[in-house]
Amino acid sequence: MTDTLDIQITKTSHSRLQETDFDNLPFGKIFSDHMFVADYADGEWKNFQIVPYGDISLSPAISALHYGQAFFEGIKAYKHEDGKVVIFRPNKNAERANKSAERLCMPELPEDIFVQSIAALVDIDRDWIPTKANHALYIRPFMFATDAFLGVQASTTYKFMILTGPVGPYFSKALRVKIESYYTRAAQGGMGFAKAAGNYASTMMPAKKAVEDGFDQIIWTDGSHHEFIEEMGAANAMFILDGKLVTPVAGDTILNGVTRDTVIKLAEAWGIPVEQRNVAVAEIIEGAKSGKLTDAFGAGTAATIAPVGSIYYNGEEYTLSDPATREFSQKVLKTLDDIRYGRIEDTYGWNYVV
Ligand SMILES: *Cc1c(COP(=O)(O)O)cnc(C)c1O
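Residues numbered from 1 in each chain as written. Predicted model: local features only at pLDDT ≥ 70, side-chain atom pairs only at ≥ 80, totals over all residues. Heavy atoms only, no water.

Draft legend 1. Region of the structure containing the domain arrangement of the chain. Per the domain assignment, the segments making up the chain are domain 1 (8–168) and domain 2 (175–340). In this complex, domain 1 contributes 22 residues to the contact, which on the side of domain 2 involves 23 residues. Buried surface at the junction of domain 1 and domain 2, both sides included, amounts to about 1,800 Å², of which 61% is carbon and sulfur. Linking domain 1 with domain 2 are one salt bridge. Between Arg-89 and Asp-261 there is a salt bridge, with the nearest N and O atoms lying 2.9 Å from each other. Where domain 1 meets domain 2, there are 12 residue pairs in polar contact (both at pLDDT 80 or more). Every element with two or more residues in the side of domain 1 that touches domain 2 is listed here: strand E4 (70–72), strand E5 (75–79), strand E6 (85–88) and helix H2 (90–103). Among the elements that line the side of domain 1 that touches domain 2, the one with the most residues is H2, at six residues. Among the residues making up the side of domain 1 that touches domain 2, the classes are represented as 10 nonpolar, five polar and seven charged. (Domains from an automatic or database assignment. Contact = heavy atoms within 4.5 Å. Buried area = accessible area lost by both parts, 1.4 Å probe. Salt bridge = Lys/Arg side-chain N within 4 Å of Asp/Glu carboxyl O. Polar contact = N/O pair within 3.5 Å; in protein donor to acceptor, adjacent residues only side chain to side chain. Helix = DSSP H or I, 4+ residues; strand = E, 2+ residues; numbered from the N terminus. Nonpolar A, V, L, I, M, F, W, Y, C, P; charged D, E, K, R; others polar.)

Dropping the structure here:
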């Protein structure tokens, strides 16, 4: 830790650590003892604080609530066997947070402030990091507009906050997914590439319908003709088709995932051809039929590598190979785990040591 960021720290007088059941960690429901808060006003970030996790008081007129000027990030921290604590590639999230901020007309947060505040918070609550396999400390930075003003215009004040909490695996089995051919998550010129709160609001109703029909996730397609694959729920869609790693281009409509980038870098290092291009629904279905589609998964921080078990499209369901037999995603998952849990050397410099 550098000491350039002056954070005022108020520690809790009652830790909830002892009363937390680490054998039962539903995603996103358990929060560590502390949270980070900073304010933006008069053109600058100030009041950097770490305080006990708890409710906050806000005007009911804040523009985040009415017009959705808000975005978030998702990152994980891991504890190694020797007690060392690492955060996985937080600089990539800092970079992406600023892309979200720019698109939503929100203030930039300098990358070093973003990373240092996360590190300081993780350091204070390091005992909350679970050590079991497939477990981690989930880190949720977010920023939202706080002007109490009902006019539709960019706020002049904001809050940046960080919550953390211990999590286990997000998905426990291969996913039954449905290719969506009516609803749209993002459009050209929109904000699909930003981790904007509003992007998720629009996916909830279609996702609920899909779950009612027995599916675990939606594969989103392009907003113009539903002809090309975009993303899988809140994870990037990746395929091994004809021996190549194929994934949609991280353009306007797609969240440029850190996990996606990590998988691509590993594939390149292993000499597997990588194609970032438009991926037609037709070729995925064709590949599922012919057997050339040998792997399909969602890649994301929360989901890690989530194998697709079957794909539903136009009244047909295509079952893919048993995930346990898939060479690529199994190797990616193992290598990722080995790096994150410190079992092999981190030659890429992906672990930020707290
Ligand atoms: C967060 C997210 C991802 C995955 O990004 P990571 O940086 O790998 O966690 C992919 N798609 C959407 C829509 C997301 O919100």
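After presenting the structure, the write-up continues.
Draft legend 2. Layout of the packing of aromatic side chains. Counted according to the given criterion, the structure contains 19 aromatic pairs. Judged by centre distance (6.1 Å) and plane angle (75°), the ring pair of Trp-270 and Phe-328 falls under edge-to-face. A residue pair is termed long-range when its members are at least 10 positions apart, and Trp-270 in the loop between helix H5 (258–269) and strand E14 (274–276) and Phe-328 in helix H7 (residues 327–340) qualify at 58 residues. An aromatic cluster is defined as three or more aromatic residues linked by ring pairs; in this entry it consists of Phe-36, Tyr-40, Trp-45, Phe-48, Phe-114, Tyr-158 and Phe-160. A cation over an aromatic ring shows up here: Lys-331 above the ring of Trp-270, its NZ or CZ 4.2 Å from the ring centre. For the cation-ring pair, Arg-340 lies above Phe-88, with the distance from its terminal atom to the ring centre recorded as 5.5 Å. (Phe/Tyr/Trp six-rings, centres within 6.5 Å; stacked < 30°, edge-to-face > 60°. Lys NZ or Arg CZ within 6 Å of the ring centre and 35° of its normal.)

Draft legend 3. Representation of the side chain of Ser-155 in the model. Within the secondary structure, Ser-155 is located in the loop between strand E7 (136–145) and strand E8 (158–167). Within the structure, Ser-155 has its side chain in polar contact with the backbone nitrogen of Thr-146 (distance 3.5 Å).

Draft legend 4. Structural context of the environment of Pro-52. Tracing the backbone shows Pro-52 in strand E3 (residues 44–52). Along the backbone, Pro-52 and His-80 are 28 residues apart, and their C-alpha atoms lie at a distance of 26 Å. Ignoring any residue separated from it by four or fewer positions in sequence, one finds Pro-52 in contact with Thr-10, Lys-11, Thr-12, Asp-33, His-34 and Met-35.

Draft legend 5. Molecular detail of a nonpolar patch on the surface. Together, Tyr-67, Leu-150 and Val-152 line one region of the surface with nonpolar side chains, adding up to about 330 Å² of accessible area. Of note, Leu-150 is situated in the loop between E7 and E8. Given the relative accessible area of 51%, Leu-150 is considered exposed. (Patch = residues over 30% accessible without salt bridge, like charges linked within 9 Å, V, L, I, M, F, W, Y side chains within 5 Å. Areas by Shrake-Rupley, 256 points an atom, 1.4 Å probe, with all protein chains shown as cover. Buried < 20%, exposed > 50% of the residue type's maximum accessible area, 1.4 Å probe, protein only.)

Draft legend 6. Local environment of the site of the ligand. Residues in close proximity to the ligand total 15 residues, the closest being Lys-195, Tyr-200, Glu-231, Thr-259 and Thr-301. The contact in question runs from an oxygen atom of the ligand to an N or O atom on the side chain of Tyr-200, over 2.4 Å. Within the backbone of Val-258, a nitrogen or oxygen atom sits 2.7 Å from an oxygen atom of the ligand. Compared with its free state, where it exposes 380 Å², the ligand has 97% of that area covered by protein. For the shell around the ligand, the secondary-structure elements that each account for two or more residues are strand E12 (235–241), H5 and strand E15 (293–300). Tallied by class, the residues present in the shell around the ligand amount to six nonpolar, five polar and four charged. (Near = heavy atom within 4 Å.)

Draft legend 7. Just the pairing of strand E9 (residues 175–179), in detail. Of all five residues that make up E9, four are buried, and the element is covered over most of its length. Of the strand pairs in this sheet, E9 and strand E16 (residues 304–313) are connected by four bridges, and their pairing is parallel. By the bridge assignment for E16, Val-177 is matched with Ile-311. With three bridges connecting them, E9 and strand E10 (residues 217–221) associate as parallel partners. Following the sheet pairing, Ile-179 is matched in E10 by Ile-219. With helix H4 (residues 197–212) bridging E9 and its parallel neighbour E10, the resulting β-α-β unit is right-handed. (Pairing = 2+ DSSP bridges. Right-handed = clockwise from strand over helix to strand, strands pointing away.)

Draft legend 8. View of the environment of Val-37. Note that Val-37 resides in strand E2 (residues 34–41). C-alpha separation for the pair Val-37 and Lys-159, spaced 122 residues apart in sequence, amounts to 7.0 Å. When neighbours within four sequence positions are excluded, Val-37 is seen to be in contact with Asn-47, Phe-48, Gln-49, Val-51, Lys-159, Phe-160 and Met-161.

Draft legend 9. Quick look at the pattern of salt bridges. The final tally for this structure, using the stated rule, is 21 salt bridges. In the salt-bridge network here, residues are joined through shared partners; they are Lys-244, Glu-275, Arg-277 and Glu-283.

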